[in-house]
Amino acid sequence: MSEYPTLNFADVSVGDTLPEQDIDITSGLVVSGALATRDYEPVHHDKSVAQAAGLPDVFMNILTSQALMTRFATDWSGPEAVVKSLDIKLGAPNVPGMVMKVTGQVTAKDGDSGVIDIAVTGENNIWGMHMAGTVQLALPQGA
């Protein structure tokens, strides 16, 4: 048995709420996320370029937001869950100094496929909604 068990499909119900997670938005997170995803746009790692674009500092790229949304769902579900799809809409930018609160709720279950839908929202403490979307996960069925 894994030290980090995976949720079983039968143990999840529509309406289940995932534990909230606060993520500190730091320069290191923004820059390393951009570089890890090979996003070399200067607005993600050069403060002066981001300021010239009208923002106070570098800002998070969409691939980092997608990763944080996916990780939020899979940290809850466990290591044997399989990500089937991700649908994300971006809102306000995340810049260093903010805190993003991530919340989620199970919104659908498909008993034939073992797939659940989780609605996920990430709101920062200054400008509001940063990301909203759905993560689809396949969970193990059976004991």
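Predicted, not measured: the structure shown is a model, and the values here were computed from it. (Residues numbered from 1 in each chain as written. Predicted model: local features only at pLDDT ≥ 70, side-chain atom pairs only at ≥ 80, totals over all residues. Heavy atoms only, no water.)

**Q** So what's going on with the overall build of the protein? Residues and values would help.
**A** On a plain count of helices and strands, the protein comes out with three helices and five strands. Sequence-ordered secondary structure for the protein, helices as α and strands as β, is β-α-α-α-β-β-β-β. For the protein, the spread of C-alpha atoms along the three principal axes comes to 55 × 25 × 25 Å. The buried share of the protein, taken over its 143 residues, is 39%. Taking as baseline every contact in the protein between residues at least 6 positions apart, the subset at least 24 positions apart corresponds to 68%. Accessible surface for the protein amounts to roughly 7,500 Å². Of this, 52% is attributable to carbon and sulfur atoms. With 7 positive and 17 negative side-chain charges, the protein shows a separation of 4 Å between the mean positions of the two kinds. (Helix = DSSP H or I, 4+ residues; strand = E, 2+ residues; numbered from the N terminus. Buried < 20%, exposed > 50% of the residue type's maximum accessible area, 1.4 Å probe, protein only. Contact = heavy atoms within 4.5 Å. Areas by Shrake-Rupley, 256 points an atom, 1.4 Å probe, with all protein chains shown as cover. Lys, Arg positive; Asp, Glu negative; His and termini not counted. Charge placed at Lys NZ, Arg CZ, Asp CG, Glu CD.)

**Q** How would you summarise the pattern of salt bridges if you had to cite specific residues and measurements?
**A** Within the structure shown, the criterion is met by three salt bridges. Across the salt bridge formed by K101 and D22, the nearest N and O atoms sit 3.0 Å from each other. Of this pair, K101 sits in strand β3 (residues 99–110) while D22 sits in strand β1 (residues 17–24); the two residues are 79 residues apart in sequence, bridging distant segments of the chain. Judged by relative accessible area, which is 48%, D22 ranks as partly exposed. Sharing partners across several salt bridges, the network here consists of E20, D22 and K101. (Salt bridge = Lys/Arg side-chain N within 4 Å of Asp/Glu carboxyl O.)

**Q** I'd like to hear about the sheet that holds strand β5 (residues 128–138), residue by residue, with values.
**A** Here five strands make up an open sheet; going across it, the order is β1-β3-β4-β5-β2 and the pairing antiparallel. Every interior strand has two partners, whereas the edge strands, β1 and β2 (82–90), have only one. Averaged over all neighbouring strand pairs, the angle between strand axes comes to 20°, with direction disregarded. (Pairing = 2+ DSSP bridges. Axes fitted to C-alpha atoms, helices over the stretch in contact; angles between N-to-C directions.)

**Q** Describe the packing of aromatic side chains, with residues and values.
**A** Per the counting criterion, the structure on display carries zero aromatic pairs. Directly above the ring of F9 sits K109, whose terminal nitrogen or CZ lies 4.2 Å from the centroid. (Phe/Tyr/Trp six-rings, centres within 6.5 Å; stacked < 30°, edge-to-face > 60°. Lys NZ or Arg CZ within 6 Å of the ring centre and 35° of its normal.)

**Q** Let's hear about the nonpolar core: which residues, and what values?
**A** Counting 30 residues, the largest nonpolar core has I116 and I118 as the members making the most contacts within it. When residues of this core are traced back to their parent elements, those giving at least two are β1, α3 (62–77), β3, β4 (115–124) and β5. No other element matches the five residues that α3 contributes to this core. Apart from the residues within four sequence positions on either side, I118 is in contact with L18, A73, W76, G104, Q105, V106, T107, G133, T134, V135 and L137. (Core = buried A, V, L, I, M, F, W, Y, C linked by side-chain atoms within 4.5 Å.)

**Q** Mind laying out the environment of E41, listing which residues take part and the relevant values?
**A** Examined against the element boundaries, E41 turns out to sit in the loop between α1 (27–36) and α2 (47–52). When the C-alpha positions of E41 and L90 are compared, they lie 17 Å apart, and in sequence the two are 49 residues distant.

**Q** Before we move on, could you go through α3 and cite the residues and values that matter?
**A** The end-to-end C-alpha distance of α3, which contains 16 residues, comes to 23 Å, matching closely the 22 Å that a straight helix rising 1.5 Å per residue would cover. All of the buried residues in α3 are T64, S65, L68, M69, T70, F72, A73, W76 and S77. Where the residues of α3 are buried, they touch β1, α1, β2, β3, β4 and β5. A positive backbone phi angle near 110° is found at G78, which sits one or two residues after α3. (Expected span 1.5 Å × (residues − 1).)

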